[in-house]
Amino acid sequence: MDRILIRGGKRLSGTIAISGAKNSALALMPCALLTDEPLTLRNLPRLADADGFGHLLNELGASTAIEGTRPNDFGRVLTVRASRLTSTVAPYDIVRKMRASILVLGPLLGRAGEATVSLPGGCAIGNRPIDLHLKALEAMGAEIELAAGYVKATAPGGRLAGGRYRFPVVSVGATENALMAAATARGTTVLENAAREPEIVDLCNLLIAMGASIDGIGTETLTIEGRERLHGATYKVMPDRIEAGSYACAAAITGGDLFLQGAKADDMRATLDALVEAGVIVEEKADGVRVAANGPLKPLTLSTAPYPGFATDMQAQFMAMLCKAEGASVLTETIFENRYMHVPELARMGANIDVRGRTAVVHGVDRLVGAPVMATDLRASMSLILAGLIAEGETQVSRIYHLDRGYERLEEKLQGVGADIERVGDG
């Protein structure tokens, strides 16, 4: 199994191209199931999760083709053709590896009037039930049955009827599933307290490009007028605001100066505001964001929240960065109850972090020391990479398949800006 080796102490400087957003791509790909015409996605990131979702689409009868890129390029152009669905069953062997697989439920219901989807897997970062997905679909007329680890959903008469649903808590995935299902429902669907993340906006924009009718984009109330059918489209995946935020933390922790090419400041406002509060220089430009640090970092008090609040997907990276701040920082995790599994691994490198329930107090330290550490989930993996960039000696990160799920060619990008980092195999 591959590992990543980092010899810390290098100041990062240069340009990093930001890839297409993982969290957006995995919501855009299942839209191909809503039409019998081709859907082409540009700027699709080269990630294990994107490949896995492609295999799932193949399982359902769609063809997938990669076009227009060289093997060593970042990003890809993917064309999905679901001319005829040969199955409406998303099997356990595929779904268990990736939680986003549940996002085929809505479009399968919308297209075929039925879907059988295994309960999902993904990162072990706490309980993430899909009850909100199911309740939103039931509000549109779906009949739901849970049996033997599968969700079986049917639309009476073969087509959903539309409806009104208010999410009791904000859920990105449930909003995405409901949007896709509502796009071809018979009537009008109103989703209240819907997620407002940029990835939701990206999904709405693609659905509109395919012929859907959606009002209220970017707000907490979405109104969808169902269409008889959708058509194909060509669409560019938005840049990854979490990847950009992660590399911004790399600039800050190493006292570096990075230009994040393609990053959109408006999509990552809470992250950038927190960096500025920590004493980091942030310059917004037309084609990206510059992040630089030339002095000590200041401690922060942060609490994760749904967009436009501070993203839970940035909590682990900020924790690593704040290990170098002068003083104590307080991080509170409100989204997931088990998202501090990286704390013991950071402690192996000399971090001083106290966890009290959902709150972690990060005491800044003079130095971190390289050590063998193990990745526990996607964003936790990146926190260990960040710590390794400044640790004395060598840091060895194992179980990096987590990283490959969400960061396109991470070691190549970091090598390009001066990091001493490499991927090695056991052989």
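Residues numbered from 1 in each chain as written. Predicted model: local features only at pLDDT ≥ 70, side-chain atom pairs only at ≥ 80, totals over all residues. Heavy atoms only, no water.

As annotated in an unreviewed UniProt entry, the protein carries the name UDP-N-acetylglucosamine 1-carboxyvinyltransferase and is attributed to Sphingomonas koreensis. Turning to the protein, the UniProt annotation filed under Pathway (unreviewed entry) states: "Cell wall biogenesis; peptidoglycan biosynthesis." For the record of the protein, the UniProt heading Subcellular location (unreviewed entry) holds the text "Cytoplasm". (UniProt positions renumbered as here; feature names shortened; annotations may be inferred.)

**Q** Quick one: what's the story with the sheet that holds strand β15 (residues 257-261), residue by residue and with numbers?
**A** Spatially, β2-β15-β17-β16 is the arrangement adopted by the 4 strands of the open sheet, whose pairing is mixed. Pairing within the sheet leaves two strands with one partner each, and these edge strands are β2 (13-17) and β16 (281-285). This sheet shows a mean twist of 15° between the axes of neighbouring strands, independent of strand direction. Direction of pairing for β2 relative to β15: parallel, over a ladder of 5 bridges. Of the residues in β15, the one forming a bridge with Gly 14 is Leu 258. Against the sheet, helix α8 (residues 241-253) makes contact with β2, β15 and β17 (288-292), and its axis sits at roughly 170° relative to β15, the strand it touches most. Against the sheet, helix α9 (residues 269-277) contacts β16 and β17, and its axis sits at roughly 145° relative to β16. (Pairing = 2+ DSSP bridges. Helix = DSSP H or I, 4+ residues; strand = E, 2+ residues; numbered from the N terminus. Axes fitted to C-alpha atoms, helices over the stretch in contact; angles between N-to-C directions. Contact = heavy atoms within 4.5 Å.)

**Q** With reference to specific residues and values, describe the UniProt feature "binding site: UDP-N-acetyl-alpha-D-glucosamine" (unreviewed entry) in the protein.
**A** In this numbering, the UniProt entry assigns the feature "binding site: UDP-N-acetyl-alpha-D-glucosamine" (unreviewed entry) to Arg 99, Arg 128, Pro 129, Ile 130, Asp 131, Leu 132, Asp 313 and Ile 335. Mapped onto the elements, Arg 99 comes out in the loop between α3 (92-95) and α4 (105-112). By relative accessible area, Arg 99 is classed as buried at 17%. Along the chain, Ile 335 turns up in the loop between β19 (328-332) and α11 (343-348). (Buried < 20%, exposed > 50% of the residue type's maximum accessible area, 1.4 Å probe, protein only.)

**Q** So, the domain arrangement of the protein: which residues are in play, and what are the values?
**A** As assigned here, the protein comprises domain 1 (3-19 + 239-424) and domain 2 (22-236). Between the C-alpha centres of domain 1 and domain 2 the distance comes to 30 Å. (Domains from an automatic or database assignment.)

**Q** Requested: an account of α8, with residues and values cited.
**A** Taking 1.5 Å as the rise per residue, α8 with 13 residues should run 18 Å; its terminal C-alpha atoms sit 18 Å apart, in good agreement. Among the 13 residues that make up α8, 13 are buried, leaving the element largely enclosed by the rest of the structure. Two or three places before Ile 242, at the opening of α8, Asp 240 has a side-chain oxygen 2.9 Å from that residue's backbone nitrogen. Directly beyond the C-terminal end of α8, a positive phi value near 65° is found at Gly 255. (Expected span 1.5 Å × (residues − 1). Polar contact = N/O pair within 3.5 Å; in protein donor to acceptor, adjacent residues only side chain to side chain.)

**Q** Account for the pairing of strand β21 (residues 359-363), with residues named and values stated.
**A** Regular strands have side chains that alternate between both faces of the sheet. As judged from the 5 bridges shared by β19 and β21, these two strands associate in the antiparallel manner. Bridge pairing in β21 links Ala 328 to His 363. Linking two consecutive strands that pair antiparallel, namely strand β20 (residues 352-356) and β21, is a turn of 2 residues; a positive phi of about 65° is found at Gly 357 within it.

**Q** Break down the sheet that holds strand β1 (residues 3-7) for me, citing the residues and quoting the values.
**A** Strand order in this open sheet of 4 strands is β22-β23-β1-β24, and the pairing throughout is mixed. The open sheet is flanked by β22 (372-374) and β24 (420-424), the only strands paired with a single partner. Ignoring strand direction, the axes of neighbouring strands in this sheet form an average angle of 20°. Here helix α12 (residues 378-390) sits on the sheet and contacts β1, β22, β23 (394-398) and β24; the angle it forms with β1, its principal contact strand, is near 30°.

**Q** Describe in detail the packing of aromatic side chains, supporting the description with residues and values.
**A** Tallying each qualifying case throughout the model produces 2 aromatic pairs. Judged by centre distance (5.1 Å) and plane angle (90°), the ring pair of Tyr 165 and Phe 167 falls under edge-to-face. Exposure class is identical for Tyr 165 and Phe 167. Each is buried. On the numbers, 5.0 Å between centres and 85° between planes, the contact of Phe 310 with Phe 318 is edge-to-face. Grouping residues by exposure puts Phe 310 and Phe 318 together as buried. (Phe/Tyr/Trp six-rings, centres within 6.5 Å; stacked < 30°, edge-to-face > 60°.)

**Q** Before we move on, can you summarise α4 with the specific residues and values?
**A** Judged by how many residues are buried, α4 sits mostly within the fold: 6 of 8 residues are covered. Listed as buried for α4 are Leu 105, Gly 106, Pro 107, Leu 108, Leu 109 and Gly 110. Next to the buried residues of α4 lie β7 (114-118), α5 (131-139), β9 (150-154) and α6 (172-182). Positioned one or two residues after α4, Gly 113 has a phi angle of 80°, which is positive.

**Q** Help me get a handle on the environment of Met 314, residues and values and all.
**A** When you line up the elements, Met 314 lands in the loop between β18 (301-303) and α10 (315-322). Judged by relative accessible area, Met 314 falls into the buried class, the value being 0%. Separated by 72 residues in the primary sequence, Met 314 and Ile 242 place their C-alpha atoms 6.7 Å from one another. In contact with Met 314, not counting residues within four places along its chain, are Ile 242, Gly 245, Ser 246, Cys 249 and Thr 271.

**Q** Go over the side chain of Ser 246 with me, naming the residues and quoting the values.
**A** Position of Ser 246 relative to the elements: it lies in helix α8. One polar contact links Ser 246 to Tyr 407, side chain to side chain, over a distance of 2.7 Å. Each residue touching Ser 246, except ones within four places of it in the same chain, is listed here: Met 314, Gln 317, Met 382, Leu 386 and Tyr 407.

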